[in-house]
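# Fold and contact review
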Amino acid sequence: MGRVTPLFLFLLSLVFSFATYNLITMITRYRTVGFGKWNAAGLVSLNSQLFPDPIIQMPENLRKPKSKKLLFRIALTATDVPYSKWQCRIMYYWYMKKKDLPGSEMGKFTRILHSGSPDNLMDEIPTFVVDPLPEGLDRGYVVLNRPWAFVQWLEKATIEEEYILMAEPDHIFVNPLPNLAYGDYPAAFPFFYIKPAEHEEIIRKFFPKENGPVTNVDPIGNSPVIIKKDLLEQVAPTWMNVSLRMKHDEETDKTFGWVLEMYAYAVASALHGVQHILRKDFMLQPPWDLETRKKFIIHYTYGCDYNMKGELTYGKIGEWRFDKRSYLQGPPPKNLSLPPSNVPESVATLVKMINEATANIPNW
């Protein structure tokens, strides 16, 4: 075997350095170079089969080792109105059912109650009471209390977990949830209707050009997001301030409407240089998402309307329906009627899970 020269060793190390740099660059910037585009269904179609789907997950060889659990605190903001209470009770029931199952990295649970005073669920659900925004500051948009609630909770509460899942009352854990974050890369669900690039002129009011391209603003809201606690401590005050600025800007308020606070979180995290791993499997939303398999959270924000043939009649009240807004003044009754046999599995599972919860929660 010939003698290995120093020049050869230098060139070999240079090749490996470039390879490592290119791999890391591809992984950390893979979402911003246009491998795919949104289609009408809110999904991503890729331009190449050579790369992993960036909206699904990090490459398998870079996922964190599972020798140690990385627990996350489940935190949701809530009010003391009946509509919020019954959803929180169902969510907490399914948290208790799933948290200790194999695959779960779910830690403790906190309902952040931003009504300013305790309510009658304090003994049933672990709760931390914070103040609402000063009267009139939310301009009737109660969701603006969410970032302010997180700011107070992060400042005052004792939180043992290194990570936090920001959740909402109308979430149901359909499968045990692992920690989907990767170090300083939080995990988030991509919403097809959050489109920063299509609103660049408005986004630039809050995300100046010196902060980078608008594509740095992820198509997300604050929930569901799994994020390191120390990162959220940095982002939350900015999220609150951007939310208030957006609400008080007439053009922004009119354009973003009920998703304004979602855009505010996306902008705030981008201002801090935080980029999210976008996970389509994080959550499903019946009736549009048809199956619960390999998904973690059911988000029942949309009404489900069907005729008795199991055909969707969205936009028209169905012969069979489930819509959480039917229960604004009080909880749904026990034993809701099951949907017709031909509806998607996700819809049937949602109703069955609500029925199980209401049958077992005391004093429903």
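Residues numbered from 1 in each chain as written. Predicted model: local features only at pLDDT ≥ 70, side-chain atom pairs only at ≥ 80, totals over all residues. Heavy atoms only, no water.

The test is simple: UniProt positions are given in the numbering used here, feature names are shortened, and annotations may be inferred rather than shown by experiment.
The name an unreviewed UniProt entry assigns to the protein chain is Hydroxyproline O-arabinosyltransferase rdn2, from the organism Datura stramonium. Annotation of the protein chain in UniProt includes, under Subcellular location (unreviewed entry), the sentence "Membrane".

## Thoughts on the sheet that holds strand β11 (residues 283–284)
Strand pairing in a sheet relies on backbone hydrogen bonds, with the paired strands running either antiparallel or parallel. Basically, it comes down to this: Here, any two strands with at least 2 DSSP bridges between them count as paired. Here a strand is any run of E in DSSP of at least two residues, a helix any run of H or I of at least four, and the numbering for each starts at the N terminus. The contact rule is simple, with two residues in contact once any of their heavy atoms fall within 4.5 Å. Geometry is summarised by axes, namely lines fitted to C-alpha atoms with helices restricted to the contacting stretch, and by angles between N-to-C directions that run from 0 to 180 degrees.
Reading across the sheet, the three strands line up as β7-β12-β11 and stay open at both edges, with mixed pairing between neighbours. The sheet terminates laterally at β7 (171–173) and β11, the two strands that pair on one side only. Bridge count between β11 and strand β12 (residues 297–299): two bridges; the pairing is parallel. Following the sheet pairing, Met-283 is matched in β12 by Ile-297. Sheet strands touched by helix α8 (residues 345–360): β7, β11 and β12. Its angle to β7, the strand with the most contacts, is close to 90°.

## Brief notes about the sheet that holds strand β10 (residues 277–278)
Read across the open sheet, the seven strands follow the order β5-β4-β3-β6-β9-β8-β10; overall the sheet is mixed. Whereas interior strands pair on both sides, the edge strands pair on one side only; in this sheet they are β5 (127–129) and β10. Looking at chain direction, strand β6 (residues 163–167) and strand β9 (residues 225–228) are connected through four bridges and run antiparallel. When the bridges of β9 are listed, Tyr-163 appears paired with Lys-228. Packing of helix α3 (residues 145–156) onto the sheet brings it into contact with β3 (72–78), β4 (106–113), β5 and β6, and relative to β3 it is tilted by some 135°. Across the sheet, helix α5 (residues 229–247) touches β6 and β9, and the angle it forms with β9 is around 110°.

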